[in-house]
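Below are the chains, spelled out letter by letter.
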Amino acid sequence: LQSDMDMAQNPKQSKIIDWGGNPYYKGKEYLAPLYRAVSERKQVQMTYTPFGGESRTFVTNPVYLKQYNNRWFVVALLEKDGFVFVNAFDRIDNLVVLDTDMPRNITFDAEEYFDPIVGVSRPMDGEIEEIEIQLAPETYPYVKTKPIHHSQKNYDDECKVKIRVIRNRELENILTQYNDGYEY
């Protein structure tokens, strides 16, 4: 987007904005074929190796692509039970977009799925809860101006925030960034 904007305005203009991202990210070659599979509702055969786990090859139904924390994920559903898998691109070892159409009954509501969480991991048995986070005065402004979750309510006088989420590892990782600067 930026390069298109720059070139349209002035082809000799140097870059003036950086959207972030990670150009060295393993797995970025899967973005185009997965985008095609999701948009055309095609099944994929994927070989996937979770960190510390065994490699598996399976056929699945990719329904959504999401970037979180400079990492791309594909959300895929199993046909038989609708179980949701969220697979990071960097752990995909092989991907083939099949000519097979996804079954018509495969649907996914990304807003409903991701709304109550931070990041991409949604524990199967997780329930939404209100979490109160007490922050150190020097940490509070950073969390206030870059909310942890869209449900965040700020309490300036107390250097505290409240969020309504399902606890997951991404939330824990964010909170540990503040070291001893929080309690909940």
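Asks: An account of the overall build of the protein chain is needed here, citing residue identities and associated values.
Replies: Counting its regular elements, the protein chain contains five helices and nine strands. Residues counted as buried form 38% of the 184 residues belonging to the protein chain. Counting contacts in the protein chain only where the partners sit at least 6 residues apart, residues at least 24 apart contribute 60% of the total. With an accessible surface of roughly 11900 Å², the protein chain has 48% of that area assigned to carbon and sulfur atoms.

Asks: How would you explain the pattern of salt bridges if you had to name every residue and give the values?
Replies: Taken as a whole, this structure holds nine salt bridges when the rule is applied. Linking Asp90 and Arg71 is a salt bridge whose minimum nitrogen-to-oxygen distance equals 2.4 Å. In this pair, Asp90 sits in the loop between strand E4 (84–88) and strand E5 (92–101) while Arg71 sits in strand E3 (residues 71–77), placing the two residues 19 residues apart along the sequence.

Asks: An account of the nonpolar core is requested, with residue identities and associated values reported.
Replies: The biggest cluster of nonpolar side chains holds 27 residues, and the ones touching the most others in it are Leu34, Met46, Phe89 and Ile92. Of all the elements in the fold, those that place two or more residues in this core are helix H2 (31–40), strand E1 (42–48), strand E2 (56–68), E3, E5 and helix H3 (110–114). Among the elements that make up this core, the one with the highest residue count is E3 (four residues). Not counting residues within four places of it along the chain, the set of residues in contact with Leu34 comprises Val44, Pro62, Leu65, Val74, Phe89, Ile92 and Leu95.

Asks: Give me the lowdown on the packing of aromatic side chains, citing residues and values where you can.
Replies: Per the counting criterion, the structure on display carries eight aromatic pairs. Ring geometry for Trp72 and Phe89: centres 6.1 Å apart, planes at 25°, overall stacked. In this pair, Trp72 sits in strand E3 while Phe89 sits in the loop between E4 and E5, placing the two residues 17 residues apart along the sequence. Owing to a relative accessible area of 23%, Trp72 belongs among the partly exposed residues under this scheme. By relative accessible area, Phe89 is classed as buried at 0%. A centroid spacing of 5.4 Å and a plane angle of 55° characterise the contact between Phe108 and Tyr113, whose relative ring orientation is tilted. Aromatic rings pair up to connect Tyr64, Phe108, Tyr113 and Phe114 into one cluster. One residue, Lys66, lies across the ring of Phe114, its end atom 4.7 Å from the ring centre. A cation over an aromatic ring shows up here: Lys160 above the ring of Tyr155, its NZ or CZ 5.7 Å from the ring centre.

Asks: Explain the sheet that holds E3 to me, and be specific about the residues and the numbers.
Replies: Across the sheet, five strands lie side by side as E4-E3-E2-E1-E5; this open sheet has antiparallel pairing. Edge positions in the sheet fall to E4 and E5, since each of these pairs with one other strand and no more. Strand-to-strand twist of the sheet, defined as the mean angle between neighbouring strand axes without regard to direction, takes the value 45°. Note: E1 against E2, five bridges, orientation antiparallel. Across the sheet, Gln45 pairs through a bridge with Val59, a residue of E2. Relative to E2, H2 is tilted by about 95°, and along the sheet it contacts E1, E2, E3 and E5.

Asks: Any details on the environment of Ala136? Residues and values, ideally.
Replies: With respect to the helices, strands and loops of the structure, Ala136 is situated in the loop between strand E6 (129–135) and helix H4 (140–145). Ala136 sits in the buried class, given a relative accessible area of 16%. Along the primary structure Ala136 and Tyr178 are separated by 42 residues, whereas in three dimensions their C-alpha atoms are 8.9 Å apart.

Asks: Pulling in residues and values, what's your account of the environment of Leu31?
Replies: Mapped onto the secondary structure, Leu31 falls in helix H2. C-alpha separation for the pair Leu31 and Phe89, spaced 58 residues apart in sequence, amounts to 8.1 Å. Dropping the residues within four chain positions of it, Leu31 is found in contact with Leu65, Trp72 and Phe89.

What counts, and where the lines are drawn
- Residues numbered from 1 in each chain as written.
- Predicted model: local features only at pLDDT ≥ 70, side-chain atom pairs only at ≥ 80, totals over all residues.
- Heavy atoms only, no water.
- Helix = DSSP H or I, 4+ residues; strand = E, 2+ residues; numbered from the N terminus.
- Buried < 20%, exposed > 50% of the residue type's maximum accessible area, 1.4 Å probe, protein only.
- Contact = heavy atoms within 4.5 Å.
- Areas by Shrake-Rupley, 256 points an atom, 1.4 Å probe, with all protein chains shown as cover.
- Salt bridge = Lys/Arg side-chain N within 4 Å of Asp/Glu carboxyl O.
- Core = buried A, V, L, I, M, F, W, Y, C linked by side-chain atoms within 4.5 Å.
- Phe/Tyr/Trp six-rings, centres within 6.5 Å; stacked < 30°, edge-to-face > 60°.
- Lys NZ or Arg CZ within 6 Å of the ring centre and 35° of its normal.
- Pairing = 2+ DSSP bridges.
- Axes fitted to C-alpha atoms, helices over the stretch in contact; angles between N-to-C directions.

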